[in-house]
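Chain residues, written in single-letter form:
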Amino acid sequence: MIHITYSNNTTWEFPTVSQSINKALAMMMQGHKIVRIRSNNASNLNHLQDYFAGINKSINLKGE
């Protein structure tokens, strides 16, 4: 299970990586930042952290 907490103090629970990515991208487009990612699967956690770090880096580079 995957839990993602956002800057608006909500936490969403997802059974799959793809579902968590879809919701997270929608939340990010609304201006909410990811505050915390938790998972009972280390591989999923590492994948999500790397994926969202890349997105945040890309967003920051475009804003410069």
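Structure: above.
Residues numbered from 1 in each chain as written. Predicted model: local features only at pLDDT ≥ 70, side-chain atom pairs only at ≥ 80, totals over all residues. Heavy atoms only, no water.

Undergrad: Would you take a moment to explain unusual backbone geometry for this structure?
TA: For residues that are not glycine, phi is negative in most cases, and the peptide bond is trans in most cases. Within the chain, N9 stands out as a residue other than glycine whose phi angle is a positive 65°. Position of N9 relative to the elements: it lies in the loop between β1 (2–6) and β2 (11–14). Owing to a relative accessible area of 73%, N9 belongs among the exposed residues under this scheme. (Helix = DSSP H or I, 4+ residues; strand = E, 2+ residues; numbered from the N terminus. Buried < 20%, exposed > 50% of the residue type's maximum accessible area, 1.4 Å probe, protein only.)

Undergrad: Even after reading the chapter, I still don't get the nonpolar core, so can you show me in this structure?
TA: In terms of nonpolar packing, the biggest core is built from 14 residues, with I2, I4, Y6, I37, L48 and F52 touching the most fellow members. Looking at this core, the elements that each hand over two or more residues are β1, α1 (17–29) and α2 (42–63). Per-element tally for this core: the top contributor is α1, with five residues. Not counting residues within four places of it along the chain, the set of residues in contact with I2 comprises W12, E13, F14, T16, V17, S20, R38, S39, N44 and L48. (Core = buried A, V, L, I, M, F, W, Y, C linked by side-chain atoms within 4.5 Å. Contact = heavy atoms within 4.5 Å.)

Undergrad: Can you walk me through the pairing of β1 in this structure?
TA: Where a strand is regular, its side chains alternate between the two sheet faces. With four of five residues buried, β1 is to be regarded as a mostly interior element. Pairing geometry for β1 and β2, over four bridges, is antiparallel. Residue pairing in the sheet places I2 in a bridge with F14 of β2. Hairpin connection between β1 and β2: a loop of four residues separates the two successive antiparallel strands, and N9 in this loop has a positive phi of roughly 65°. (Pairing = 2+ DSSP bridges.)

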